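# Commentary on secondary and tertiary structure
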Amino acid sequence: MASYRLVMRNGPTPGKAFVLEQAEVFVGRDLNNEIVINDPEVSRRHARFFLQAGGYVLEDLGSTNGTTINGQRIMGPYSLRPGEVILLGENVILVYEAVMDPNATVVASAGQPATVQGAPQAFPSIQSAPPPAVPAQAYAGQIPDASYEAPAPAKKKIPIWLIIVVLLLIISCVCIGALWLIDSQNLWCNWFGWVFNMFSPGVCP
């Protein structure tokens, strides 16, 4: 029967292994947790692991900086598979591994040497398959991978009526400015004298 453990790939004690032996294991900065990780990005009670048929389930406990699995932040319980990478906050990286016998032969590991209960040991590693660039199927509470780029929204076309209104405003401003210039310089007879004389002869010399 397989047992399970967490190996810290990055964090306060890289390479350290935490054996999951209880039905429920809490992780956080507080000393009352079964797994204590002293990192400012980790909440006092950050997450919990609880045992179900087939392995452990990970649940974030409303932590400030969140819990991410294979690059995707979880919002609900998630059934772990050996070899999956867990990120607590932004600094602490843990790898979930299955151990088949008491000699700690690793079935799925991250390829990093670890220490079990304080004794340094080297474990043969099997590289886990990299997660897909785009998740094939979303699970409950999943937030899309930040590396996935959504298609750019189509550019909105400017309505024709708005173009017409702007043009009319520009024309009106030009006409008003021209009339103001003509009136201020008293150029009515110079420019439009023939029009005034057409309707009122002798108005403009």
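Just above sits the structure.
Quick summary incoming for the structure in this document. What you are looking at is a predicted structure, and each value in this text was computed from that prediction instead of being measured.

Positioned with a positive phi, asparagine 70 is a non-glycine residue whose angle comes to about 50°. As for its placement among the helices and strands, asparagine 70 is situated in the loop between β7 (67-69) and β8 (72-73).

Its 25 residues give helix α1 (residues 160-184) an end-to-end C-alpha distance of 36 Å, which sits within 8% of 36 Å, the value for a rise of 1.5 Å per residue. Of the residues flanking the end of α1, it is asparagine 186, one or two places downstream, whose phi is positive at about 55°.

Moving on, we get to the sheet that holds strand β3 (residues 24-28). Spatially, the 5 strands line up as an open sheet ordered β4-β3-β5-β6-β9, and their pairing is mixed. Two strands lie at the open edges of the sheet, namely β4 (35-36) and β9 (78-79), each paired on one side alone. The pairing of β3 with β4 spans 2 bridges and is parallel. By the bridge assignment, glycine 28 is partnered in β4 with valine 36.

Criteria and thresholds
- Residues numbered from 1 in each chain as written.
- Predicted model: local features only at pLDDT ≥ 70, side-chain atom pairs only at ≥ 80, totals over all residues.
- Heavy atoms only, no water.
- Helix = DSSP H or I, 4+ residues; strand = E, 2+ residues; numbered from the N terminus.
- Expected span 1.5 Å × (residues − 1).
- Pairing = 2+ DSSP bridges.

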